[in-house]
Amino acid sequence: MNHAIRVHEYGGPEKLLWEEVPLPEPKPGEALVKHEAVGLNYIDVYFRTGLYKAPALPATIGMEGAGTVAAVGEGVTDVAVGDRVAYATGPIGAYAQSRIIKADRLVKLPDAISFETGAAMMLQGMTAQYLLRRTFPVQKGQTVLIHAAAGGVGLIMVQWAKHLGCTVIGTVSTPEKAEIAKAHGADHVLLTSENLPSRVKEITGGAMLPVVYDSVGKDTFLPSLDSLAPMGMMVSYGNASGPVGPIEVNLLAAKGSLFLTRPTLASYTAKREDLLASATDLIDVVAKGVVKIVVNQRYALKDASQAHLDLEARKTTGSTVLIP
Ligand code: NDP
């Protein structure tokens, strides 16, 4: 028997239904993965509400999981039955006890990395990897701003940016979250209630920032632009507060010849060699203990609706896993 969380219509957390679903045989190029842990990510909320559309309804949402390969289809060479694996680049379908996925989306997990850590780290960690090392490759000595610094992606980015020699400014909504971000290396933590550009001006002695990594979207877009130095890079990579509306291109000129990008993990890992390079880099920093994957919440997969409620209510910190 295979159970999964399915969405029949877009809406609130109550639309996440635990149902029995069939489990097909893997076709050529596919693998059957028996999940030991499933990752919870903000993108799951977008697929539940319909901000991002599933290919068809009913849909099993979820981008990330870790487990064991239980069967493979014809021609699969990337993994074999019995391998410990994890994945994070979709397509959706992870909120299930077992699922079929293209084998070339799977990454082998070393024994040193538990299934829980694998499921917690792949999506958020590879995102931190491409943002800090490819979208805007940070240099030692730079000061960078990371929004939602006590969140899943945020807490990994804070640690990794410190490891790369940056001074890290984080933003969070509560003093408790500020303590968490500081405990993981953030040099300065600002509350979302503070005036961001004027606090950045104080901290940087007027120089402002070469880069802002903004996952919050609507609420922080303009203050983030105003925190950049001339020719700075605005990396708008998420919509936790809602999507950023249309913007005038000339705004980037007026605010100092700024760069703006809206990157996704999907583009940065579309080629298997990029996926493996990103995962290898992540596994390396996690195995060395340079980046700790902080799993602060665990829920049974069938209770995914409670996990969504807590994530959207900003109650979670670090990473969250769902146990099938
Ligand atoms: P988080 O654990 O960071 O949770 C979201 C956090 O956003 C909250 O804890 C909260 O932190 C902050 N936030 C600010 N405003 C709101 C709001 N109105 N409602 C809810 N939360 C708010 O989630 P993830 O680590 O899973 O994802 C972080 C972001 O990164 C998401 O926007 C996600 O879509 C994006 N992302 C983008 C990727 C890409 O490739 N483009 C890949 C992975 C993630 P606080 O209370 O401290 O403000």
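Above: the structure in question.
Quick caveat: nothing in here was measured; it's all calculated off a predicted structure.

Okay, unusual backbone geometry next. Note: most residues except glycine have negative phi, and most peptide bonds are trans. Each neighbour pair has its own omega, and for Leu-57 with Pro-58 the value is -5°, a cis peptide bond. In this structure, Pro-58 sits in the loop between α1 (42–49) and β4 (59–60). In this model, Gly-90 is joined to Pro-91 through a cis peptide bond whose omega is 5°. Structurally, Pro-91 is set in the loop between β6 (84–87) and β7 (98–102). Despite not being glycine, Met-231 shows a phi value in the positive range, around 65°. The exposure class assigned to Met-231 is exposed, which follows from its relative accessible area of 54%. Even without being a glycine, Arg-314 presents a positive backbone phi close to 65°. Mapped onto the elements, Arg-314 comes out in the loop between α10 (304–312) and β16 (319–323).

As a further point, take the site of the ligand. The full set close to the ligand counts 28 residues, and Tyr-130, Val-153, Ser-173, Lys-177 and Leu-265 are the nearest of them. With respect to the ligand, the backbone of Ala-240 contributes an N or O atom lying 3.3 Å from a nitrogen atom. Between the ligand and the protein, one listed contact pairs a nitrogen atom with a side-chain N or O atom of Arg-262 at 3.5 Å. For the ligand, the protein covers 92% of the area, taking 900 Å² as the surface of the free molecule. Among the secondary structure elements, those contributing two or more residues to the shell around the ligand are α1, α2 (115–135), α3 (152–163) and α10. Top element by residues in the shell around the ligand is α2. It accounts for four residues. Here the shell around the ligand is composed, by residue class, of 13 nonpolar, 11 polar and four charged.

Turning our attention to the sheet that holds strand β11 (residues 188–191). What holds strands together in a sheet is hydrogen bonding between their backbones, with the strands either parallel or antiparallel. Ordered in space as β11-β10-β9-β12-β13-β14, the six strands form an open sheet in which the pairing is parallel. Only two strands of the sheet have a single neighbouring strand rather than two, namely β11 and β14 (259–261). Averaged over all pairs of adjacent strands, the angle between their axes in this sheet comes to 15°, without regard to strand direction. Alignment of strand β12 (residues 209–214) against strand β13 (residues 228–236), held across five bridges, turns out to be parallel. Residue Val-211 lies in a different strand from β13, and its bridge partner there is Met-233. Along the sheet, α3 makes contact with β9 (143–146), β10 (167–172) and β12, crossing β9 at roughly 170°.

Along helix α5 (residues 196–203), the positions that sit buried rather than exposed are Leu-196, Pro-197 and Val-200. For α5, the angular spread of buried residues about the axis comes to 95°, placing them on one side. Facing away from the buried side of α5 by over 90 degrees, the exposed positions are Lys-201 and Glu-202. Those residues of α5 that are buried lie in contact with β9, β10, β11, β12 and α6 (221–225). The positive-phi residue at the C-terminal boundary of α5 is Gly-205, with phi of around 60°.

Attention now moves to the packing of aromatic side chains. Within this structure, the stated rule accounts for four aromatic pairs. Ring centres of Tyr-130 and Tyr-268 lie 4.2 Å apart, and the angle between their planes is 15°; on these two criteria the pair is classed as stacked. Separated by 138 residues along the polypeptide, Tyr-130 in helix α2 and Tyr-268 in helix α8 (residues 265–268) bring together distant segments of the chain. Given a relative accessible area of 3%, Tyr-130 falls into the buried group. Looking at Tyr-268, the relative accessible area reads 19%, which means it is buried. Three or more aromatic residues joined by ring pairs make a cluster, and in this case those are Tyr-42, Tyr-46, Phe-47 and Tyr-52. The cationic tip of Lys-53 hangs over the ring face of Tyr-10; the distance from NZ or CZ to the ring centre is 5.1 Å. Here the basic side chain of Arg-84 rests over the ring of Phe-115, its NZ or CZ set 4.4 Å away from the ring centre.

Calculation criteria
- Residues numbered from 1 in each chain as written.
- Predicted model: local features only at pLDDT ≥ 70, side-chain atom pairs only at ≥ 80, totals over all residues.
- Heavy atoms only, no water.
- Helix = DSSP H or I, 4+ residues; strand = E, 2+ residues; numbered from the N terminus.
- Buried < 20%, exposed > 50% of the residue type's maximum accessible area, 1.4 Å probe, protein only.
- Near = heavy atom within 4 Å.
- Polar contact = N/O pair within 3.5 Å; in protein donor to acceptor, adjacent residues only side chain to side chain.
- Areas by Shrake-Rupley, 256 points an atom, 1.4 Å probe, with all protein chains shown as cover.
- Nonpolar A, V, L, I, M, F, W, Y, C, P; charged D, E, K, R; others polar.
- Pairing = 2+ DSSP bridges.
- Axes fitted to C-alpha atoms, helices over the stretch in contact; angles between N-to-C directions.
- Contact = heavy atoms within 4.5 Å.
- Arc of directions from axis to C-beta.
- Phe/Tyr/Trp six-rings, centres within 6.5 Å; stacked < 30°, edge-to-face > 60°.
- Lys NZ or Arg CZ within 6 Å of the ring centre and 35° of its normal.

Function cannot be inferred from these measures alone, as they are strictly geometric.
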